[in-house]
Amino acid sequence: LHPEAMFLCSCINEDNTEGDIADMGERLANEVQTYISENCPGSSMGRISFIGHSLGGLIIRASLVHLEEFSEKMYTYISLSTPHLGYMYTSSKIIEAGMWILKRWRKSHCLTQLSMSDSKNIEETFLYKLSQSKVNLFIIRSLIIKKGGF
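The following refers to the structure shown. (Residues numbered from 1 in each chain as written. Predicted model: local features only at pLDDT ≥ 70, side-chain atom pairs only at ≥ 80, totals over all residues. Heavy atoms only, no water.)

## Concerning the pattern of salt bridges
- Summed over the entire model, instances satisfying the criterion amount to one salt bridge.
- Put simply, Glu124 and Lys129 hold a salt bridge, and the shortest N to O gap is 3.4 Å.
- Its relative accessible area of 42% is what places Glu124 among the partly exposed residues.
- On the accessibility criterion, Lys129 (44% relative accessible area) is partly exposed. (Salt bridge = Lys/Arg side-chain N within 4 Å of Asp/Glu carboxyl O. Buried < 20%, exposed > 50% of the residue type's maximum accessible area, 1.4 Å probe, protein only.)

## Describing helix H3 (residues 93-105)
- With 13 residues, H3 extends 18 Å from end C-alpha to end C-alpha; this agrees with the ideal 18 Å at 1.5 Å per step.
- Its side-chain oxygen placed 3.3 Å from the backbone nitrogen of Ile94, Ser92 serves as the N-cap of H3.
- Following H3 by one or two positions, Lys107 adopts a phi angle in the positive range, close to 50°. (Helix = DSSP H or I, 4+ residues; strand = E, 2+ residues; numbered from the N terminus. Expected span 1.5 Å × (residues − 1). Polar contact = N/O pair within 3.5 Å; in protein donor to acceptor, adjacent residues only side chain to side chain.)

## A look at the state of the cysteines
- Using the criterion set out here, one finds zero disulfides in the structure.
- Counting only cysteine sulfurs, Cys9 is the nearest neighbor of Cys11, a cysteine outside any disulfide, at a range of 7.4 Å.
- With a relative accessible area of 46%, Cys11 lands in the partly exposed category. (Disulfide = S-S within 2.5 Å.)

## Focus: the environment of Cys40
- Along the chain, Cys40 falls in the loop between helix H1 (21-39) and strand E1 (48-53).
- Beyond its immediate sequence surroundings of up to four residues, Cys40 is in contact with Met6, Tyr35 and Met45. (Contact = heavy atoms within 4.5 Å.)

## Remarks on a nonpolar patch on the surface
- On the surface, a cluster of nonpolar side chains totalling about 480 Å² of accessible area is made up of Trp100, Ile101, Leu102 and Trp105.
- Among the secondary structure elements, Trp100 is positioned in helix H3. (Patch = residues over 30% accessible without salt bridge, like charges linked within 9 Å, V, L, I, M, F, W, Y side chains within 5 Å. Areas by Shrake-Rupley, 256 points an atom, 1.4 Å probe, with all protein chains shown as cover.)

## Structural notes on the nonpolar core
- Counting residues in each nonpolar core, the largest one holds 29 residues, and the members touching the most others are Ile21 and Phe50.
- Sorting the residues of this core by element identifies H1, E1, helix H2 (55-64), strand E2 (74-80), helix H4 (109-114) and helix H5 (126-132) as the ones contributing at least two each.
- Residues within four places of Ile21 in sequence aside, it is in contact with Leu55, Leu58, Ile59, Ala62, Cys110, Gln113, Leu114 and Phe126. (Core = buried A, V, L, I, M, F, W, Y, C linked by side-chain atoms within 4.5 Å.)

## Regarding H2
- With nine of its ten residues buried, H2 lies for the most part within the structure.
- Regarding H2, the residues found buried are Leu55, Gly57, Leu58, Ile59, Ile60, Arg61, Ala62, Ser63 and Leu64.

## Notes on unusual backbone geometry
- At Ser81, a residue that is not glycine, the phi angle is positive and equals roughly 55°.
- Turning to its location among the elements, Ser81 is positioned in the loop between E2 and H3.
- What makes Ser81 exposed here is its relative accessible area of 62%.

## Digging into the pairing of E1
- Burial along E1 is one-sided: Ile48, Phe50 and Gly52 are buried, and none of Ser49, Ile51 and His53, which face the opposite way, are.
- Between E1 and its parallel partner E2, the chain crosses via H2, and the hand of that crossover is right-handed. (Right-handed = clockwise from strand over helix to strand, strands pointing away.)

Structure, rendered in structure tokens:
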């Protein structure tokens, strides 16, 4: 269909999905920058699209702040089953108990961020800050405008 299309199936965070989402975003951004510099010399790069599933959608959003130099090339962002609002509220005691156990037992910083318990002040939590990021808002707004809405 698109013989000139290139794909990067990221694997940089596969062994560290319990860590900090911001750190995972920075590693993804570095991987994308390296891929672009090695495979798209000069101005040969056309557009950049991202597809993320679950935590991957948040990692992509966290990477965008490090990819501002490519903002004019951003074309599509698709997230599938991504917890953009975190796991702060749940009506299931089983899920609450499971989250509590995993956060303590596995010392998962990522789950602490997803449950918005990484700060006592909600405005200091990672997900809140990510939602307020000017880069994320600009890119998401421009994608909606370019595509004519969803």
